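# Geometric and topological summary
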Amino acid sequence: MKRNRTFLNWLLLLMMTVGMTSCQGLVDAVFGEADYPAEIPVQPSKPTKQSASISYATSSIGKTFGDAAFTNALTNTGDGKVTYATSNAAVATVNSETGEVTITGNGEATITATVTDTDKYTYTTKTASYTIGVGTATMTVTATGYTGTYDGSAHGITVNAPTGATIKYGTTAGSYTQTSSPTYTNADTYTVYYQVTKDNYNTVEGSATVAITKAAGEIKFTQTSIEKKLGDSAFDSALTMTNDPTATVTYSSDKPAVASVDANGRVSVNAGGTATITATVTSSTNYTYSPNYAEFTVKVTGMSDPDDYSNGGDPFGL
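Sequence order as written defines residue numbering, which begins from 1 separately in each chain. Local features are withheld for residues below a pLDDT of 70 in this predicted model, meaning they are given only at 70 or higher, and side-chain atom pairs are given and counted only at 80 or more; totals for whole chains, interfaces and linings count all residues. In computing side-chain properties, one takes all heavy atoms of the structure into account and sets aside hydrogens as well as water.

This part covers the overall build of the chain. Only runs of H or I of at least four residues qualify as helices and only runs of E of at least two qualify as strands under DSSP, and these elements are numbered from the N terminus. A tally of helices and strands in the chain yields two helices and 27 strands. In the chain, buried positions account for 31% of the 318 residues. The criterion used for residue contact is that any of the two residues' heavy atoms lie within 4.5 Å. A fraction of 56% describes how many contacts in the chain between residues 6 or more apart in sequence connect residues 24 or more apart. Summed over all atoms, the accessible surface of the chain reaches about 18900 Å², with 48% contributed by carbon and sulfur. Burial classes: relative accessible area under 20% of the type maximum marks a residue as buried, over 50% as exposed, and values in between as partly exposed (1.4 Å probe, protein chains only). Every accessible area reported is derived by Shrake-Rupley at a probe size of 1.4 Å, with residue values counting cover from the shown protein chains alone.

In structure tokens:
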């Protein structure tokens, strides 16, 4: 019996080598059908896994803040599940299942894809990545100055910028210390500088002008001629003009021996005859006078009191 077992072991080895069908008759002849199992199970061998890989065709991508969401195509030669992650969510976020990237700020981020092995595939490299460089965007900024005639009101510039932007102003290029536009009232041309900043956008700097031209001014005497007599008291000239605190007015007489005028426009009668009193606007910040003068005549005749010749005047006004 021990010999039969040895032989059986040898026979099983032979069957595994050349196959059961070819050995069936030999077994039947030696042992008979009742002396061995009807079937001997054979364990199937495990299939060999195939190698696979994942990779990005593009290793770096440049974007600008504000660009639309995008997906960088991933090549996967197997059937492993891929998940995605970002190194910097402040710059870019990524959908962990689809790989779609959304830009959130300027700077740099790395997107990494990770794959897991399956029953059929083994991944020699289980990660693939690429970098995203996001540049700052350009803001649309407009600035409007002011052009007009002096009206006594203050005027500045208007800057329009995207919501959330910070606007600062200054009167010198490169220096922005004011949170609202400087304003100007007097006639002149002024330059206002501005700076607009916002996260993830390029800084915008520029300038606009405030141009205020002089208004039309008017100067005149209410009377164009006045008659006086020798001995009459000094009198004030009845000058009317635009309400112009910045104006400088000077007075003069073409015949001061007949009638003289002081710096305030007060006229003194000195002798018989006719004199012309002139008021001239020599300067004004906010008005232009055309003409820039006004005048009236003073006719001086005989004395108010015919018996008074103390002033040496001509009682006949000659």
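In this scheme, strands are said to pair when DSSP sees at least two bridges between them. Pairing geometry for strand β19 (residues 225-230) and strand β27 (residues 293-303), over six bridges, is parallel. In the strand pairing of β27, L230 is matched with M303. In the sheet, strand β25 (residues 273-283) pairs with β27 via eight bridges, with the strands oriented antiparallel. Of the residues in β27, the one forming a bridge with T280 is Y293.

Pairing is mixed across the open sheet formed by four strands, whose spatial order is β12-β16-β15-β14. Looking along the sheet, the strands with just one partner apiece sit at the ends: β12 (146-149) and β14 (166-170). Adjacent strand axes in the sheet meet at a mean angle of 20° when their direction is disregarded. Note: β14 against strand β15 (residues 188-197), five bridges, orientation antiparallel. In the strand pairing of β15, G170 is matched with Y193. Here an angle of 0 to 180 degrees is reported between the N-to-C directions of two axes, which are lines fitted to C-alpha atoms, with helices fitted over the stretch in contact.

Right, let's get into the packing of aromatic side chains. Classification of ring pairs uses Phe, Tyr and Trp, with its six-membered ring standing for Trp, and accepts pairs whose centres are within 6.5 Å; under 30 degrees between planes counts as stacked, over 60 as edge-to-face, and the remaining range as tilted. Counted under the stated rule, the structure contains six aromatic pairs. Centroid distance F65 to Y201: 5.6 Å. Interplanar angle 80°. Geometry classified as edge-to-face. Here F65 is found in the loop between β3 (60-64) and β4 (74-76), whereas its partner Y201 is found in the loop between β15 and β16 (204-213), with 136 residues between them in sequence. The class of F65 is buried, set by a relative accessible area of 18%. Under the relative-accessibility criterion, Y201 is labelled partly exposed at 23%.

Scope: geometric values only; no functional claims are made or implied.
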